[in-house]
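Here's the letter readout for the chains.
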Amino acid sequence: MLGIDYSQSTDNQPILASIFNETRLLTSWITPYSLEVQNKYDQITKGLESTEDKVKACLRFASDIPYVQFVRVSASVAGKRFVENDCWLLPESALHAPKLNCANKTYLLASLLRQELPAESVWVCLGNLNSDSQDGHAFGYIRLDRDYILETTNPKVRDKLIPIDTVGNLYEDIVYVNDIEVRAVPERKIREPFSSCYQCLPFLSDYLDRQLCRA
């Protein structure tokens, strides 16, 4: 794990992973100004005083949402049926979902934490988890007194701030995103299910709008 200081600012990416196939920039999946997100944050942190306690409460909330590898969503509008088998949800929609994957959980967590912390201190990291196998993974990353990982899918660390200098090669950081900026660690690639994309950074190819990439 290198950390945010090893990354470089890069272009935003056009993401095509929603139920109605509209394209949204990568930064727009974090929504700190959503009233539903703000109200949920107030509910989660009621009575808490310290920033650390508030961060842990938000992490615990996101971690307690049951995990699913892919979020499948279907909807019928004006007689037309829409189905997305690997859907990204905006955080205000994720609040109502029965199960979420690591990306949806982490975008929701980042949106909640932005109520307490500035954008430069809250990131979603898209990278690799080198555990029993090597898989693409999304996890939170915050800057307080030091830099921490926030893991939303492992129940053993549901409310723990993990210093990045303690994880070794278990977590591999590739791309950082908040609601303002996208940054990337040079010369790193995310493994399956993420892979390279034509004329784009070598990440999130399954979710990129290829027409906009070519443009």
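None of these values were measured; they are calculated from a predicted model. (Residues numbered from 1 in each chain as written. Predicted model: local features only at pLDDT ≥ 70, side-chain atom pairs only at ≥ 80, totals over all residues. Heavy atoms only, no water.)

(A) Fine view of the pairing of strand β10 (residues 171-177). In terms of burial, β10 is largely enclosed, as seven of its seven residues are buried. Pairing geometry for strand β6 (residues 122-130) and β10, over six bridges, is antiparallel. Along β10, the bridge assignment pairs L129 with Y171. As judged from the three bridges shared by β10 and strand β11 (residues 182-184), these two strands associate in the antiparallel manner. Within β11, the position partnered with V175 by the bridge is A184. Count of turn residues in the β10/β11 antiparallel hairpin: four residues. (Buried < 20%, exposed > 50% of the residue type's maximum accessible area, 1.4 Å probe, protein only. Helix = DSSP H or I, 4+ residues; strand = E, 2+ residues; numbered from the N terminus. Pairing = 2+ DSSP bridges.)

(B) How the structure looks around the packing of helix α1 (residues 35-44) against helix α2 (residues 51-64). Taken N-terminus to C-terminus, the directions of α1 and α2 make an angle of 110°; their axes are 10 Å apart at the nearest point. Our classification of the angle between α1 and α2 gives roughly perpendicular. Crossing handedness for the pair α1 and α2: right-handed. Across the interface between the two elements, K40, Y41 and I44 of α1 pack against K54, A57, C58 and F61 of α2. Its residues placed into classes, the contact of α1 with α2 shows five nonpolar, no polar and two charged. (Axes fitted to C-alpha atoms, helices over the stretch in contact; angles between N-to-C directions. Parallel < 35°, antiparallel > 145°, perpendicular 65-115°, else oblique. Left-handed = near helix turned anticlockwise from the far one by under 90°. Contact = heavy atoms within 4.5 Å. Nonpolar A, V, L, I, M, F, W, Y, C, P; charged D, E, K, R; others polar.)

(C) Spatial organisation of empty space enclosed by the protein. Following the criterion strictly, the structure yields one cavity of 30 Å³ or more and no others. Lining the largest cavity are T106, L109, A110, L113, V122, W123, G140, Y141, I142 and L150. Counting only elements with at least two residues in the lining of the largest cavity, the list comes to α4 (102-113), β6 and β7 (134-143). Tallying contributions element by element places α4 first for the lining of the largest cavity, with four residues. Its residues placed into classes, the lining of the largest cavity shows eight nonpolar, two polar and no charged. (1 Å grid on protein atoms, 1.4 Å probe; cavity = no way out; pocket = protein on both sides within 12 Å on 5 of 7 lines; lining within 4 Å. Points joined across faces, edges and corners; volume = space filled by probe spheres on them.)

(D) Molecular detail of the environment of D145. As for its placement among the helices and strands, D145 is situated in the loop between β7 and β8 (147-150). D145 sits in the exposed class, given a relative accessible area of 67%.

(E) Broad picture of the side chain of R183. Here R183 is to be found in strand β11. Residue classification places R183 among the buried positions, given a relative accessible area of 18%. Among the polar contacts listed, one links the side chain of R183 to the backbone oxygen of S7, at a separation of 2.7 Å. Once you skip the residues sitting within four places of it in the chain, R183 turns out to touch I4, S7, Q8, S9, T10, W123, I174, V175 and Y176. (Polar contact = N/O pair within 3.5 Å; in protein donor to acceptor, adjacent residues only side chain to side chain.)

(F) Here's a closer look at the pattern of salt bridges. All chains considered together, the criterion is met by seven salt bridges. In this structure, E116 engages K54 in a salt bridge whose closest nitrogen and oxygen atoms are separated by 3.6 Å. Within this pair, whereas E116 is found in the loop between α4 and β6, its partner K54 is found in helix α2, the two being separated by 62 residues in sequence. Taking the relative accessible area as the measure of exposure, K54 reaches 17% and is therefore buried. Where R114 meets D179, a salt bridge forms, and the shortest distance between an N and an O atom there is 2.7 Å. (Salt bridge = Lys/Arg side-chain N within 4 Å of Asp/Glu carboxyl O.)

(G) The arrangement of α4 in detail. The terminal C-alpha atoms of α4, which comprises twelve residues, lie 16 Å apart, in line with the 16 Å expected from a rise of 1.5 Å per residue. With twelve of twelve residues buried, α4 is to be regarded as a mostly interior element. All of the buried residues along α4 are C102, A103, N104, K105, T106, Y107, L108, L109, A110, S111, L112 and L113. (Expected span 1.5 Å × (residues − 1).)

(H) Spatial organisation of the environment of S63. Looking at the secondary structure, you find S63 in helix α2. Judged by relative accessible area, which is 14%, S63 ranks as buried. In this structure, S63 is in contact with K105, E151, T152 and R158, ignoring residues within four places of it in sequence.

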